[in-house]
Amino acid sequence: MEPFTLHTERLALRPFAAADTDEVFQTVQDQDILRWTTIPSPYAHEDAVHFVEQISGEGLRTGTGFHFAVRPREGGPLLAAVGVGLYLLPGTWELGYWTARPHRGRGYVTEAAGEVIRWMLTTHAVDRLIWRAEVGNEPSRAVARRLGFTMEGVQRAGLVNQGTARDTWTGSLLPSDLGLPALHPYLPARADRGACPAPGPLSVPPSSLSS
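Just so it is clear, the model here is predicted, and its values are computed rather than measured. (Residues numbered from 1 in each chain as written. Predicted model: local features only at pLDDT ≥ 70, side-chain atom pairs only at ≥ 80, totals over all residues. Heavy atoms only, no water.)

### Examining the side chain of threonine 92
As a reminder, the rule being used: Only DSSP runs of H or I with at least four residues qualify as helices, and only runs of E with at least two residues qualify as strands; both kinds are numbered from the N terminus onward. Think of it in three bands: with a 1.4 Å probe and only protein chains considered, a residue is buried below 20% of the maximum accessible area for its type, exposed above 50%, and partly exposed in between. Here a residue-residue contact requires only that any non-hydrogen atoms of the pair lie within 4.5 Å.
Tracing the sequence through the fold places threonine 92 in strand β5 (residues 92-99). On the accessibility criterion, threonine 92 (10% relative accessible area) is buried. Setting aside its immediate chain neighbours within four residues, threonine 92 contacts Gly85, Leu86, Tyr87, Arg128 and Ile130.

### Some points on the pattern of salt bridges
Put simply, the rule reads: Salt-bridge detection follows one rule: a side-chain nitrogen of Lys or Arg within 4 Å of a carboxyl oxygen of Asp or Glu.
For the structure shown, the criterion picks out 15 salt bridges. Its salt-bridge partner being glutamate 23, residue arginine 71 comes within 2.9 Å of it at the nearest N-O pair. On the criterion of sequence distance, the pair formed by arginine 71 in strand β3 (residues 65-72) and glutamate 23 in helix α1 (residues 21-27) is long-range, its members being 48 residues apart. Given a relative accessible area of 13%, arginine 71 falls into the buried group. The shortest N-O distance in the salt bridge between glutamate 134 and arginine 35 comes to 3.0 Å. Here the residue glutamate 134 occupies a position in strand β6 (residues 128-134), and arginine 35 occupies one in helix α2 (residues 31-36), the gap between them amounting to 99 residues. With a relative accessible area of 6%, glutamate 134 lands in the buried category. Sharing partners across several salt bridges, the network here consists of Arg14, Asp20, Glu23 and Arg71.

### Focus: the side chain of asparagine 137
In this fold, asparagine 137 is placed in the loop between β6 and α5 (138-146). Under the relative-accessibility criterion, asparagine 137 is labelled buried at 9%. Ignoring any residue separated from it by four or fewer positions in sequence, one finds asparagine 137 in contact with Trp36 and Trp169.

### Description of the nonpolar core
In plain terms, the rule: The definition of a nonpolar core used throughout is a set of buried Ala, Val, Leu, Ile, Met, Phe, Trp, Tyr and Cys residues joined through side-chain atoms within 4.5 Å.
Judged by nonpolar contacts, the single largest core of 34 residues is most densely connected at Val82, Leu95, Tyr97, Leu129 and Phe149. Sorting the residues of this core by element identifies β2 (11-15), β3, β4 (80-86), β5, α4 (108-123), β6, α5 and β8 (164-173) as the ones contributing at least two each. Here the element with the most residues in this core is α4; it accounts for nine residues. Sequence-distant contacts of leucine 95, that is, excluding residues within four places in its chain, are made with Val82, Gly83, Val84, Ala113, Ile117, Ile130, Trp131, Leu147 and Phe149. Val24, Val28, Ala69 and Ala81 belong to the second-largest nonpolar core, a separate cluster that totals 13 residues.

### What about α5?
How we decide: Working note: the arc is built from the helix axis to C-beta atom directions.
Looking at α5, one finds that the buried residues are Ser140, Arg141, Val143 and Ala144. Within α5, the buried residues cover an arc of 160° as seen down the axis, which keeps them to one side. The exposed set on the far side of α5, more than 90 degrees from its buried face, consists of Pro139 and Arg146. In this fold, the buried residues of α5 make contact with β5, α4, β6, β7 (150-161) and β8. Phi turns positive one or two residues past the end of α5, at glycine 148, with a value near 100°.

Pasting the structure below:
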């Protein structure tokens, strides 16, 4: 896919390019970004090159991931990053984002991510968008809620950050939440089937258990 630009009232979003590498490197030195994302820490300039050229570039070329540099519509500094990547199953994509420290609290990432979601759901075959963040990352969860994600609970060992498996909050957004068609028809479970049954007695013969 050729590079392209999405626009909102205040912002311009375009896939990352080589010219963004130095700014990505400098922005990601922020301790909050390093703490709450799974990017390498410490973050070297070579990591920024890998992200721009391999992760972002290859995702765009293959149509398996779209990572956008978010800047003011009239031009200016890197404000945020928003990305979506194909996640395990056809039709399931994962949304991620971060905001540069000097530009937090102005709604940029919510505005940008909302446009990326609209673009994905109207141009790609999608059943489900997922969001995950390490438990405790309240700003990320607040953005996901503003975007309309339904919180689904805690996933044990949902991601690996700095060599440690950590629990994650999880959420989902379906095309039907926005009145849009999905890749497949969706048949929700009945409410009375939503709860898991209580665990029964151990069914493994005691002789098969190690002492």
